Amino acid sequence: MSFKKRFFVIKLSDKILLIFFVFSTVALFLVATILGGSWQQLFILITIVYAATFIFTYVVSSNFSKSLIDLALKVQEMGAGNLSKRLVTNRKDEVGQLINSLNELMSRLQTGVAVDISKHRELSRAKTDFVSLAAHQLRTPLSIVKWYSDFLLSGDAGKFSKEQLKYVEEIFRSNQRLIDLVNSLLDASRIDLGTFVIEPKPTDVIERAETALSKFYPEIERKKIKLEKQYDKFDKLNLDPRLTQIIFENIISNAVEYTPIGGKIKFIVKKTAKDVFIKISDTGFGIPREEQPKIFTKLFRGDIAKKIQEDGSGLGLYVVKAIVEKSGGRIWFESPSLELLLEEKQDADNLPLDKKNMGTTFFITIPLKGMMPKEGTKKLENLKNIKKSKQA
Amino acid sequence: MSEKAKKILIAEDEEAMLEALASKFEKRGFAVIRAHDGEEGYSLAIKEKPDLLILDILMPKMNGMDLMEKIRQDDRWGADVPIVMLTNISDPENVSRAAICKVYDFLVKTDWRLDDVVKLAEDKLAFPEA
């Protein structure tokens with residue numbers, strides 16, 4: 001309550017007191033006028049009556065007012081979210097009834113809010129459990145397709161013609177895209193649930209970068225992209241190898257996807273005083289300014305991105321950002337990418353305006369001290385139950 | 001099959017996966033013992049005492065985690081035999097249970113090519129202390 005309000009508000013008890021005084025003064029004058037008597041007698045009478053009235057009114061009104069003030073305070077507490085408070089009263093009068101009604105209302109509210117919160121949690125858990133369940137169930141047929149196409153590709157099931165091999169390679173590649181999507185969905189659902197696990201162990205960061213990069217060599221070759229790599233030497237760092245690879249795969253994948261034929265990618269993994277500093281620049285289509293604030297948002301896909309790659313999930317950068325930030329690192333980007341554009345200026349000048357690409361550079365830091373372990377809590381009891389019911 | 005062939009037990013209830021894995025190992029000269037559920041896996045493991053076990057987790061009758069723990073309770077052979085969990089469930093609870101039982105590795109099926117799974121087993125059997 002503000003000072004002004006506190007100072008000028010007249011309490012209910014004061015009003016009652018005032019009314020009593022006015023009425024008793026008028027009554028006394030009337031009585032004195034009718035009965036007659038000296039001024040001294042009248043003065044004594046007025047003093048006695050005033051004193052009695054004052055004490056009586058003060059006790060009654062204070063009691064009444066205190067109950068209302070208590071009530072007001074409880075309502076304030078309730079407004080602040082404390083629904084478990086109750087008023088204790090033995091009163092049978094109107095104030096007592098009001099207090100009991102309020103207690104009852106608070107009980108109902110408390111139950112209602114509890115039900116709402118638990119419903120919300122239940123829904124949220126059901127949603128993420130569904131994603132998790134679906135993803136795990138999808139992995140079984142995906143692994144079967146992966147292993148059998150792998151079987152065919154390795155020549156274990158007999159020799160294939162070039163054309164047949166090309167088809168099987170396509171099956172293998174598309175299936176791998178689905179596997180990556182399912183893994184991203186699982187990672188995103190774990191991030192949302194807060195059950196994302198970080199398991200750091202001594203990891204060769206350059207080996208992870210190379211493993212990730214090797215996945216894209218065929219595409220880099222196909223698109224005749226000029227790749228430039230610069231690696232510093234690192235001792236093994238305490239990183240989660242799977243998560244480190246997810247970071248590399250996603251940023252490399254984006255650079256390769258969005259760089260046109262004959263473009264250039266520059267990939268740097270450097271050691272600074274405190275961090276692993278990763279920088280990947282491309283001469284790709286770039287990120288339009290109006291889309292830049294949204295690119296780390298879950299499921300967001302830019303207009304140009306949709307045109308170039310129709311079936312992207314919009315999960316990659318969301319997952320990468322979560323991993324990097326949970327590891328104590330930072331991720332940011334620059335588009336147009338100044339570095340490569342300056343290097344390629346000569347060529348860019350020869351291109352018609354609408355063909356010029358803006359390019360993008362992503363920057364990531366991960367602390368050299370490594371990632372902090374984080375345990376998940378997700379239990380997959382539902383999965384076990386489903387499997388059991390399948391057997392029955 | 002030569003007498004020196006290393007024995008691998010694969011417990012996997014999905015027939016297609018079991019066959020893909022088993023054929024790959026057999027082509028590389030391993031003797032493969034196929035189990036289609038956890039209980040069969042346990043009885044065959046105790047009887048055949050394979051050199052390495054590859055276990056799925058979600059299986060009928062007994063799941064792979066319970067099978068793993070039961071094998072580890074066998075003092076003479078099961079306590080040290082290399083176990084690889086090969087599953088599509090990578091939740092932390094199972095991973096930590098497997099770590100307590102000192103499994104050699106915990107692999108997610110979709111992340112691994114068959115040749116790499118075989119190579120992992122070959123490496124472990126060639127260098128048991130690794």
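Here is what the cut-offs are and how they apply
Residues numbered from 1 in each chain as written. Chains lettered and ligands numbered in written order. Predicted model: local features only at pLDDT ≥ 70, side-chain atom pairs only at ≥ 80, totals over all residues. Heavy atoms only, no water. Helix = DSSP H or I, 4+ residues; strand = E, 2+ residues; numbered from the N terminus. Buried < 20%, exposed > 50% of the residue type's maximum accessible area, 1.4 Å probe, protein only. Contact = heavy atoms within 4.5 Å. Areas by Shrake-Rupley, 256 points an atom, 1.4 Å probe, with all protein chains shown as cover. Buried area = accessible area lost by both parts, 1.4 Å probe. Salt bridge = Lys/Arg side-chain N within 4 Å of Asp/Glu carboxyl O. Polar contact = N/O pair within 3.5 Å; in protein donor to acceptor, adjacent residues only side chain to side chain. Nonpolar A, V, L, I, M, F, W, Y, C, P; charged D, E, K, R; others polar. Expected span 1.5 Å × (residues − 1). pLDDT = per-residue confidence, 0-100. Pairing = 2+ DSSP bridges. Axes fitted to C-alpha atoms, helices over the stretch in contact; angles between N-to-C directions. Right-handed = clockwise from strand over helix to strand, strands pointing away. Arc of directions from axis to C-beta. Parallel < 35°, antiparallel > 145°, perpendicular 65-115°, else oblique. Left-handed = near helix turned anticlockwise from the far one by under 90°. Patch = residues over 30% accessible without salt bridge, like charges linked within 9 Å, V, L, I, M, F, W, Y side chains within 5 Å.

### Quick notes on the overall build of chain A
Helix and strand counts for chain A come out as 13 helices and 7 strands. Expressed as a percentage of the 392 residues in chain A, the buried residues total 38%. Long-range contacts, defined as pairs at least 24 residues apart, comprise 75% of the intrachain contacts of chain A with a sequence gap of at least 6. Split by element, the accessible area of chain A, about 24,000 Å² in all, is 61% carbon and sulfur.

### Points about the interface of chain B and chain A
How big an interface is tends to be reported as the loss of accessible area on association of its parts. With 30 residues of chain B at the contact, the number on the chain A side is 30 residues. Contact between chain B and chain A buries roughly 2,700 Å² in total, counting both sides, with carbon and sulfur atoms accounting for 59%. The interface formed by chain B and chain A includes 2 salt bridges. Taking the shortest distance from any N to any O, the salt bridge between Asp-150 of chain A and Arg-113 of chain B comes out at 3.1 Å. The tally of links between chain B and chain A comes to 12 residue pairs in polar contact (both at pLDDT 80 or more). Elements with a minimum of two residues in the side of chain B that touches chain A: helix H1 (15-27), helix H4 (92-100) and helix H5 (114-126) of chain B. The element contributing the most residues to the side of chain B that touches chain A is H1 of chain B, with 8 residues. Grouping the amino acids of the side of chain B that touches chain A by side-chain chemistry returns 14 nonpolar, 4 polar and 12 charged.

### Section: helix H5 (residues 162-193) of chain A
With 32 residues, H5 of chain A extends 46 Å from end C-alpha to end C-alpha; this agrees with the ideal 46 Å at 1.5 Å per step. Gly-194 of chain A sits one or two residues past H5 of chain A and shows a positive phi near 75°.

### A few points about the confidence of the model for chain A
Residues and elements named next belong to chain A. Chain-level pLDDT for chain A is 77 on average; 81% of the residues reach the 70-or-more range. Taken as a whole, residues 1-9 scores under 50 in pLDDT and shows 1 contact with residues more than four places along the chain or in a different chain. Within the model, pLDDT remains below 50 along residues 377-392, and this stretch shows 31 contacts once partners closer than five positions in the same chain are excluded.

### Overview of the sheet that holds strand S5 (residues 275-282) of chain A
Residues and elements named next belong to chain A. Strand order in the open sheet formed by 5 strands is S2-S4-S5-S7-S6, and the pairing between neighbours is mixed. If you trace the sheet from one side to the other, it starts and ends with strand S2 (226-231) and strand S6 (330-334), each paired once. Neighbour-to-neighbour, the strand axes of this sheet turn through a mean angle of 10°, independent of strand direction. In terms of strand pairing, S2 meets strand S4 (residues 264-271) through 6 bridges, oriented parallel. Bridged to Tyr-231 within S4 is Val-269. Helix-sheet contacts for helix H6 (residues 205-214) involve S2, S4 and S5, and the interaxial angle to S2 is about 170°. The sheet contacts of helix H8 (residues 241-258) involve S4, S5 and strand S7 (360-367), and relative to S5 the element is tilted by about 15°.

### Quick word on the environment of Thr-272 of chain A
All names here are of chain A. Examined against the element boundaries, Thr-272 turns out to sit in the loop between S4 and S5. Accessibility expressed as a relative area gives 32% for Thr-272, which makes it partly exposed. Those residues in contact with Thr-272, other than ones at most four positions away along the chain, are Phe-277 and Leu-368.

### Let's talk about the pairing of strand S2 (residues 31-35) of chain B
All names here are of chain B. Across the 5 residues of S2, 4 count as buried, placing the element largely inside the fold. With 5 bridges connecting them, strand S1 (residues 7-11) and S2 associate as parallel partners. Each residue of the ladder has a partner; that of Leu-9, found in S2, is Ile-33. The parallel pair S1 and S2, bridged by H1, forms a crossover whose chirality is right-handed.

### Comments concerning helix H2 (residues 38-48) of chain B
Residue and element names in this part refer to chain B. Residues Gly-38, Gly-41, Leu-44 and Ala-45 constitute the buried set of H2. Buried residues along H2 cover an arc of 130° about the axis, so they all sit on one side. One side-chain oxygen of the residue at the start of H2 lies 3.0 Å from the amide nitrogen of Glu-39, identifying that residue as Asp-37. Within two residues after H2, Lys-49 carries a phi angle of roughly 45°, on the positive side.

### Notes on the pattern of salt bridges
Residue and element names in this part refer to chain A. One pass over the structure, following the stated rule, counts 21 salt bridges over all chains. Glu-228 serves as the salt-bridge partner of Lys-264, at 3.5 Å between the closest nitrogen and oxygen. Here the residue Lys-264 occupies a position in strand S4, and Glu-228 occupies one in strand S2, the gap between them amounting to 36 residues. The buried category is assigned to Lys-264, whose relative accessible area is 6%.

### Side note on unusual backbone geometry
Residues other than glycine predominantly adopt negative phi, and peptide bonds predominantly adopt the trans conformation. Positive phi outside glycine occurs at Lys-224 of chain A, with the angle close to 50°. Mapped onto the secondary structure, Lys-224 of chain A falls in the loop between helix H7 (217-222) and S2. Despite not being glycine, Lys-49 of chain B has its phi angle at roughly 45°, a positive value. Here Lys-49 of chain B shows up in the loop between H2 and strand S3 (52-55). By relative accessible area, Lys-49 of chain B is classed as partly exposed at 39%.

### Side note on the packing of H6 of chain A against H8 of chain A
Angle between the axes and distance between the axes are the two parameters that describe a pair of packed helices. All names here are of chain A. Relative to each other, H6 and H8 sit at 45°, their axes nearing to 9 Å. The angle between H6 and H8 falls in the class oblique. Crossing angle aside, the handedness with which H6 passes H8 is right-handed. Residues Val-205, Arg-208, Ala-209, Thr-211, Ala-212 and Leu-213 of H6 form the contact with H8, whose own contacting residues are Pro-241, Thr-244, Gln-245, Phe-248, Glu-249 and Ile-252.

### Quick word on a nonpolar patch on the surface
Together, Leu-18, Val-22, Val-26, Leu-30, Val-31, Ile-34 and Leu-35 of chain A make up a nonpolar patch on the protein surface, roughly 730 Å² of accessible area in all. When you line up the elements, Val-22 of chain A lands in helix H2 (residues 12-35).

### Some details on the packing of H8 of chain A against helix H10 (residues 316-326) of chain A
Residue and element names in this part refer to chain A. Their axes nearest at 9 Å, the elements H8 and H10 cross at an angle of 140°. Taken together, the axes of H8 and H10 lie oblique to each other. In the crossing of H8 with H10, the sense of the turn from one axis to the other is left-handed. Judged by residue contacts, Leu-243, Ile-246, Ile-247, Asn-250 and Asn-254 of H8 engage Gly-316, Leu-317, Val-319, Val-320, Ile-323 and Val-324 from H10. Of the residues contributing to the contact of H8 with H10, the split by class is 8 nonpolar, 3 polar and no charged.

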